[in-house]
Amino acid sequence: MIETKSAPPTVAPAKATFAFEQLTGLPGNAADELAENLGNRASAANLNLVRRVGAPATYRVKGFLTAAGDQYTTTIFYVFDIIDANGNRVHRIDGQEQTGGNSGDPWNTVSGDSLKRIASRTIASLEAWLHSK
């Protein structure tokens, strides 16, 4: 996982709240599964999630994913931008996950395990940033 430069968190970890925006770039079933995995991992990490649409939060998390591949392998590329209340990106998490190949739509080969690994890495990186002061 490669992380770009970021601003330090402005809120104590225990007081920070996060609202995950709708994930873009992946089909609905995969988006729903990844969103559930992110929520489960965030809860296990004791991150304060805001689950109501439009509710105020210290940070909004926007996720962008794409999949590309061939008959041998598929790679999922992901970016999660952490946005503060003023609309500024304060942190970026990005990476990639490889899975099996397919000659059709690369999303057809993306397994639940791949989505769980993406969620785990994303939340671990978010947690590390939150505690980086």
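Our subject is the structure that appears above.
Source: prediction; values computed, not measured.

What counts and how
- Residues numbered from 1 in each chain as written.
- Predicted model: local features only at pLDDT ≥ 70, side-chain atom pairs only at ≥ 80, totals over all residues.
- Heavy atoms only, no water.
- Helix = DSSP H or I, 4+ residues; strand = E, 2+ residues; numbered from the N terminus.
- Buried < 20%, exposed > 50% of the residue type's maximum accessible area, 1.4 Å probe, protein only.
- Contact = heavy atoms within 4.5 Å.
- 1 Å grid on protein atoms, 1.4 Å probe; cavity = no way out; pocket = protein on both sides within 12 Å on 5 of 7 lines; lining within 4 Å.
- Points joined across faces, edges and corners; volume = space filled by probe spheres on them.
- Nonpolar A, V, L, I, M, F, W, Y, C, P; charged D, E, K, R; others polar.
- Patch = residues over 30% accessible without salt bridge, like charges linked within 9 Å, V, L, I, M, F, W, Y side chains within 5 Å.
- Areas by Shrake-Rupley, 256 points an atom, 1.4 Å probe, with all protein chains shown as cover.
- Salt bridge = Lys/Arg side-chain N within 4 Å of Asp/Glu carboxyl O.
- Lys, Arg positive; Asp, Glu negative; His and termini not counted.
- Charge placed at Lys NZ, Arg CZ, Asp CG, Glu CD.

Draft legend 1. Region of the structure containing the side chain of Thr122. Mapped onto the fold, Thr122 is located in helix H2 (residues 112–130). Exposure remark for Thr122: the relative accessible area of 1% places this residue in the buried category. Residues within four places of Thr122 in sequence aside, it is in contact with Leu38, Tyr78, Phe80 and Ile93.

Draft legend 2. Spatial organisation of the layout of surface pockets. Counted as a void, the largest pocket has a volume near 460 Å³. Mapped onto the lining of the largest pocket, the elements with two or more residues apiece are strand S2 (17–20) and helix H1 (28–44). For the lining of the largest pocket, the element with the highest residue contribution is H1, accounting for six residues. Considering only residue class, the lining of the largest pocket consists of 11 nonpolar, five polar and five charged.

Draft legend 3. Structural detail: a negative patch on the surface. On the surface, Asp32, Glu33, Glu36 and Asp113 cluster together to form a negatively charged patch. Broken down by element, the negative patch gets its largest block of residues, three residues, from H1. Here Glu36 lies in helix H1. With a relative accessible area of 52%, Glu36 lands in the exposed category.

Draft legend 4. Highlighting the environment of Arg121. Among the secondary structure elements, Arg121 is positioned in helix H2. Distance from Arg121 to Ala55, taken between C-alpha atoms, is 26 Å for residues 66 residues apart in sequence.

Purely geometric numbers; function is a separate question.
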